[in-house]
Amino acid sequence: MIFVALKMLIGDRLKYLGLLAGVAFATLLIVQQSSILVGLAHQTGSFIRDTAQGDLWVMDEQVRFSQDSLNLRDTVLQQVRGVAGVRWAVPVYQGFLKARLGDGTRATCILVGIDDATLTGGPPSMVEGSLADLRQDRAVLIDHDAAPQKLRLRNAGGHLRYNDRFDINDHEVRVAGTYRASKSFFWEPVIYTTYSRALSIAPAERKMLTYVLVKTQPGADLAAVARDIHAATGLTARTNEEFAAVTRDYILTETGILVNFGLAVGLGFVIGVLICGQMLYNFTLDSLRYYGSLKAMGATGLTLIIMVLAQVFAVGVLGYGIGIGFGSLLGKLVGNAGLAFMMPWWIPVIAAIAILVICAVAAVLSLTQVLRLEPAIVFRA
Amino acid sequence: MFVRKYVIPVLAVAGVAAAVYTVRSESRPVTPAPPVAEPASSPFNTPVAGAGIVEASTQNIAIGTQLAGIVSKVYVVAGAKVTAGDPLFSIDARALSAELEVREAALASAQQNLARMRALPRPEDVPPAEAKVKEMTAMLEDARNQFALMSAVEDPRAVSQDALAQRRFAVASAEARLAQSKADLDLLKAGAWKPDLAIAEANVRAAAAQVATVKTDLDRLTVRAPVNGDVLQVNVRLGEFANVGPVATPLMLMGDTDTLHIRVDIDENDAWRITPNAKATAFVRGNKQLKTDLKFVRIEPYVVPKRSLTGDSSERVDTRVLQVLYSFPRERLPVYVGQQMDVFIDGLARPTSAPASGSAAAAPEARN
């Protein structure tokens, strides 16, 4: 009987494709929107994950996100080095500065200064030049993938390249290398240089040390070390994950992204569910005549239930597969275009559960119609 | 038909496969780049960390000059080994040399004057004076003779009273003139007066002292090494003007570098954790394999404001640091004077993590 049911389904090709398209579209909508939201949320922590050579970030208690500059006193670095359980600690400077490219284009950039001696805290991988080239005079590193967009020469055309010179805060610098990093939520291009050079480039402030990056001794208890650092300096030490979470929560809640995108995700979910349920229900209603015939021929209720379920779940599973495939594909395209997209394992799972639930609801609703059906209805029409 | 029948299921399976691939590829964690060199880590359990700066064991001596002027000669190059007293550089000496000649001439003049006075009387002056005495003696004899002739006449009418008186006064006058000529001769023979000689001698000494003064100044134009050691920096060049007094960049920098000292800045909040003779290890920045144990020298008793990296003069000081001096033999590490090093000192342990309320109370004062 399942074979007959599937034959019924596939037989009307237009309706069959329509049904599949509906389910696939619903899946796509659910997966795509939530993946973009998750991707955005994930990208807020890109800088932290890329720089995660240490275990802890020491920062002012009030730091809300990774690009928040609430600087610390210089000597904090030495104090942190003196905390038991700390293997090493290096300074990180980070600040928003104005850059002026060769052709006069103005750009705001994020200048990151990493420890001079060890170059700890640098970008994850280099494309042109090497990290050690930062030791050259006036050397900075720019983002290889983001440069064409974020460091575009608006007047001269083209973009900033390897070995080009430009000004940051009226200090001449030279691109000594390009790096590749995870895409960041923050638009401003990130430019790396050494800590002391960053201090000489940046406008003088009373305190210039943004973070202390800490590596703990092997086997040390992160929470205990963080507590000791707090006791010694009065500052907060956060693990990479904690810091990324703090940043993510700040961006999602304080900027209204969660509300805006959450609404879109919710609407996508609701629309997907409605379209899908509606189409499945309609399909069963349209097939009522055939079920009537079958009933007249002596098919039992159980047989009909199995038939409807087989149809609904066949459409559900196939539609879901196609939808999730297109979702991934679209995500790849969107991701390559520089937009946020991230699909952790639970998004397809939730989408699958949602589709299954929709199918079940649609099946139950249509089954009540089928079971209440009088066989005679076939002949009445 | 057969193919068509399977298009949709194949598409669906492919879709799920694509999704699985996407999920897997994204859950791969980013591996942060390894640092170019591993930062130094403490060899102690309760370390106090500080930034150290290498200096000479005599401290870095900023050589100054006592006299300003154009540099006329530089005797050493940076890196030269010198012993105390070796000349380092000279200031142009022409003005003082000229003055020395003037002073020496004045001294010679004073000496000649003294010699002249000592040589008095001049022998040629004596015979005329003696002749004068003789002449006067003769004239006295003549006057006496005439007076005797006159007074020998017994008849008062033959000689007038007036003529007799004239002869008598002539004798007295001749006596007086003889006495004067004798006195003149004695004065001449006596030579220079003692006090005059003393004055002349004093003049000679004064002139000699002035010559010595100028010579001293000339000597001071050559600046010499105050201690044995290395010349660390030479900031004077031929023809440049060397100023007197403290200058922004020292004219020359030198110090004894056989033993190097390392001056470690310790945050005042950690100062209490330092004990005299605490063990310490220094690491060369950029290569943590290069390290050495340090020998305690002293704790500077005065806590100073931390010198900031930015060097902005308007910068407010918000941290003071305790400076601790350690030493190590130069051959132990390939480091140079002025280089920064990471230093860990075996300090006292902090009180074990205080309960939440306690640390919260301590936090605000530590943060500012």
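Per-chain numbering applies: the sequence of each chain, read as written, is numbered from 1 onward. Key to labels: chains lettered from A, ligands numbered from 1, both in the order written. Under the rules for a predicted model, residues below a pLDDT of 70 receive no local features and side-chain atom pairs below 80 are neither given nor counted, while totals for whole chains, interfaces and linings still include all residues.

Participant: Which residues make up the overall build of chain B, and what are the values?
Facilitator: The secondary structure listing takes helices from DSSP runs of H or I that are at least 4 residues long and strands from runs of E that are at least 2 residues long, numbered from the N terminus. Secondary structure assignment for chain B yields six helices and 15 strands. Labels follow a simple rule on C-beta atoms placed from the backbone: if 20 or more others lie within 10 Å of a residue's own, it is buried; if 12 or fewer, it is exposed; otherwise it is partly exposed. A total of 368 residues make up chain B; the buried ones form 23% of that total. In chain B, the share of contacts with a sequence separation of at least 24, taken over all contacts with a separation of at least 6, comes to 80%. Note on contacts: residues are paired as contacts if their backbone-placed C-beta atoms lie within 7 Å.

Participant: Tell me about the confidence of the model for chain B, and name the residues and values.
Facilitator: For residues with low pLDDT, the predicted coordinates do not support detailed interpretation. All names here are of chain B. As a per-residue measure, pLDDT tells how confident the predictor is, with possible values from 0 to 100. Chain-level pLDDT for chain B is 86 on average; 89% of the residues reach the 70-or-more range. Note that residues 309–313 has pLDDT below 50 and, in this model, seven contacts with residues that lie over four places away or in other chains. Note on residues 354–368: pLDDT is under 50 here. Beyond four places in sequence and across chains, it has 12 contacts. We note a pTM of 0.73 for the whole complex and an ipTM of 0.71 for its interfaces.

Participant: If you had to explain the domain arrangement of chain A to someone new, which residues and values would you point to?
Facilitator: Interface size is commonly expressed as the accessible area that is lost once the parts come together. Marked domain ranges trace back to an automatic or database domain assignment. Here the domain parsing of chain A yields domain 1 (2–43 + 256–380) and domain 2 (73–234). With centres defined by C-alpha atoms, the gap from domain 1 of chain A to domain 2 of chain A works out at 49 Å.

Participant: Outline the packing of helix α3 (residues 126–152) of chain B against helix α4 (residues 161–190) of chain B, supporting the account with residue identities and numerical values.
Facilitator: Residue and element names in this part refer to chain B. Taken N-terminus to C-terminus, the directions of α3 and α4 make an angle of 165°; their axes are 8 Å apart at the nearest point. The angle between the axes of α3 and α4 places the two elements in the roughly antiparallel class. Viewed along their axes, α3 and α4 form a crossing whose handedness is left-handed. Ten residue types, Ala, Val, Leu, Ile, Met, Phe, Trp, Tyr, Cys and Pro, are classed as nonpolar, four, Asp, Glu, Lys and Arg, as charged, and the remainder, Gly among them, as polar. Grouping the constituent residues of the contact of α3 with α4 by class yields 17 nonpolar, four polar and 10 charged. Comment: axis = line fitted to C-alpha atoms, over the contacting stretch for helices; angle = value between 0 and 180 degrees taken between N-to-C directions. Orientation is classified from the angle alone, with under 35 degrees giving roughly parallel, over 145 giving roughly antiparallel, 65 to 115 giving roughly perpendicular, and any other angle giving oblique. Note on convention: the crossing is left-handed when the near helix lies turned anticlockwise from the far helix by less than a right angle, right-handed when the turn is clockwise.

Participant: Any details on the interface of chain A and chain B? Residues and values, ideally.
Facilitator: Taken together, the contacts link 58 residues of chain A with 58 residues of chain B. Contributions of two or more residues to the side of chain A that touches chain B are made by α3 (46–50), α4 (76–81), β2 (86–100), α6 (195–201), α7 (222–233) and α11 (301–336) of chain A. Ranked by the residues each element gives to the side of chain A that touches chain B, the list is headed by α11 of chain A, at 11 residues. Grouping the amino acids of the side of chain A that touches chain B by side-chain chemistry returns 28 nonpolar, 20 polar and 10 charged.

Participant: Account for the sheet that holds strand β4 (residues 81–82) of chain B, with residues named and values stated.
Facilitator: All names here are of chain B. On the basis of which strands lie adjacent, the open sheet formed by four strands has the order β2-β9-β7-β4 and antiparallel pairing. Every other strand in the sheet has two partners, leaving β2 (61–63) and β4 as the edge strands with one partner each. Two strands are counted as paired when DSSP detects at least two bridges linking them. Pairing analysis gives two bridges linking β4 to strand β7 (residues 229–234), with the strands arranged antiparallel. Note on β7: the bridge partner recorded for V82 is G229.

Participant: Talk me through the environment of M254 of chain B; I want residue IDs and the actual numbers.
Facilitator: All names here are of chain B. Relative to the helices and strands, M254 resides in strand β9 (residues 252–255). Exposure remark for M254: the 29 C-beta atoms within 10 Å place this residue in the buried category. Along the primary structure M254 and L187 are separated by 67 residues, whereas in three dimensions their C-alpha atoms are 68 Å apart. Apart from residues lying up to four places away in sequence, M254 is in contact with I61, I63, A225, G229, D230, V231 and L232.

Participant: Now, about helix α10 (residues 288–296) of chain A: what can you tell me, with residues and values included?
Facilitator: Residue and element names in this part refer to chain A. Those residues of α10 that sit buried are Y291, G292, L294 and K295. Around the axis of α10, the buried residues are gathered within 165° of arc, so they sit on the same side. One or two steps after α10, the chain reaches G298, where phi turns positive at roughly 110°. By construction, the arc corresponds to the directions joining the helix axis to the C-beta atoms.

Participant: Could you give an account of the nonpolar core, naming the residues involved and the relevant values?
Facilitator: Here is a general trend for soluble globular proteins: nonpolar side chains tend to be buried in one another's company. Residues V58, V80, I191 and V212 of chain A are the most contacted members of the largest nonpolar core, which totals 140 residues. Looking at which element gives the most residues to this core, the answer is helix α2 (residues 13–43) of chain A, with 15 residues. Mapped onto the domain boundaries, this core takes at least three residues apiece from domain 1 (2–43 + 256–380) and domain 2 (73–234) of chain A. Setting aside residues no more than four positions away along its own chain, V58 of chain A makes contact with V76, V80, Y211, V212, V214, I229, L235 and A237 of chain A. By definition, a nonpolar core groups buried Ala, Val, Leu, Ile, Met, Phe, Trp, Tyr and Cys residues that are joined through C-beta atoms within 7 Å. Counting 17 residues, the second-largest nonpolar core is a separate cluster that includes V231, V236, A242 and M252 of chain B.

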